[in-house]
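Listed here are the chains, written in short residue letters.
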Amino acid sequence: MSRRRRTLSTKKKIALLVSAATVAGGGAFALAATSNAASVQTAQTSVACQGLATALGNNQSFIADQKAHPDSQSAARIANREAVIAQIKVQQQASGCAVGESAQGSQTAQQPAQQPAQSAPAKTAPAASAPAQTAPANNAGGAAATGQQVCTGSTVTLSGEAGAPAASSNQFPAGTKLKVTNLDNNKSTTVQVTSVSGSCVLLNNAAFEQVREPGKFLIRKARIEKVG
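All values reported here derive from a predicted model rather than from experimental measurement. (Residues numbered from 1 in each chain as written. Predicted model: local features only at pLDDT ≥ 70, side-chain atom pairs only at ≥ 80, totals over all residues. Heavy atoms only, no water.)

S.K.: It is not clear to me how the state of the cysteines should be interpreted in this structure. Could you clarify?
M.R.: Here a disulfide denotes a covalent bond joining the sulfur atom of one cysteine to the sulfur atom of another. For the structure on display, the rule yields 2 disulfides. A sulfur-sulfur separation of 2.1 Å characterises the disulfide bridge that pairs Cys49 with Cys97. Here Cys49 and Cys97 share a disulfide; its torsion about the S-S bond, -90 degrees, makes the bridge left-handed. Taken together, the residues Cys49 in helix H1 (residues 10-68) and Cys97 in the loop between helix H2 (74-94) and helix H3 (110-124) connect sequence positions 48 residues apart. The disulfide that involves Cys151 links it to Cys200, with 1.9 Å between the sulfurs. Of note, the bridge from Cys151 to Cys200 carries an S-S torsion of about 85 degrees and is right-handed in sense. Placement of Cys151 in the loop between strand E1 (148-150) and strand E2 (156-158) and of Cys200 in the loop between strand E5 (187-196) and strand E6 (202-203) is noted, with a sequence separation of 49 residues between them. Going through the chain in sequence order and numbering each bonded cysteine, the pairs you get are 1-2, 3-4. (Disulfide = S-S within 2.5 Å. Helix = DSSP H or I, 4+ residues; strand = E, 2+ residues; numbered from the N terminus.)

S.K.: How do you make sense of the environment of Val180 when you look at a structure like this?
M.R.: Following the sequence through the fold, Val180 ends up in strand E4 (residues 177-182). Counting along the chain gives 13 residues from Val180 to Ala167, while the straight-line C-alpha distance between them is 9.9 Å. Here Val180 is in contact with Val156, Lys187, Ser188, Thr189, Val201, Leu203, Val211 and Arg223, once residues within four sequence places are set aside. (Contact = heavy atoms within 4.5 Å.)

S.K.: Could you clarify how one ought to interpret the pairing of strand E8 (residues 222-227) in this entry?
M.R.: As a general feature of sheets, a regular strand has side chains that alternate between the two faces. Pairing of E1 with E8 involves 3 bridges; the strand directions are antiparallel. Across the sheet, the residue bridging to Gln149 is Glu225, located in E8. As judged from the 6 bridges shared by E4 and E8, these two strands associate in the antiparallel manner. The partner of Lys179 across the bridge, within E8, is Glu225. (Pairing = 2+ DSSP bridges.)

S.K.: Where do I start with the pairing of E5 in this structure?
M.R.: Bridge count between strand E3 (residues 167-169) and E5: 3 bridges; the pairing is parallel. In the sheet register, Ala167 faces E5, and the bridge partner there is Val193. Inspection of the sheet shows E4 paired to E5 by 6 bridges, in the antiparallel sense. Within E5, the position partnered with Leu178 by the bridge is Val191. Following E4, the chain reverses through 4 residues before pairing antiparallel with E5; Asn186 in that reversal takes a positive phi of roughly 60 degrees.

What follows is the structure, given as structure tokens:
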């Protein structure tokens with residue numbers, strides 16, 4: 001008795017190959033989607049950790065400055081900022097960041113803020129008469145009151161302080177109004193400076209919530225304006 005070999009027809013072979021390719025392709029797509037999701041999550045965590053590290057560094061710098069140049073209120077300010085640092089460390093732990101990681105904020109903030117003051121006299125110098133000299137100076141003051149951009153290139157983060165929306169600054173005195181716009185989502189808030197910090201502007205928790213992106217503790221692209 002002869003045995004017949006079972007052979008697959010050409011159509012069946014093609015069908016099996018297509019099926020195998022589909023399964024393999026689906027698996028590759030699933031792996032790619034999982035990988036992309038993990039990359040996005042890692043990037044978001046990195047931004048959050050950087051913002052918290054910057055906030056911690058700014059508060060540490062403020063404490064160091066108060067210790068180097070103490071006055072009658074320094075002890076109270078230092079105690080307040082130490083409490084803020086403790087809260088930031090709690091946020092670092094909750095966000096999966098390295099607890100106690102510290103980073104300094106932008107140190108270039110002072111230069112742009114000084115440039116308008118230096119450029120104004122240069123524009124008024126060529127004037128031929130006293131009335132012509134006073135007019136540009138008045139215009140410059142009006143521009144500052146209606147929204148003069150300051151601290152170009154600075155990032156903005158939170159101080160960790162509670163209370164009504166407010167800001168702290170190392171360049172502008174208490175009572176100054178600053179408008180901060182997050183250029184990544186076009187949200188803005190106008191707040192009053194109420195205390196001193198180690199950077200151009202730090203927003204307290206309430207003010208930062210008004211302009212932040214979900215899960216982020218740092219505004220990389222910010223427009224800071226001094227308003228009337």
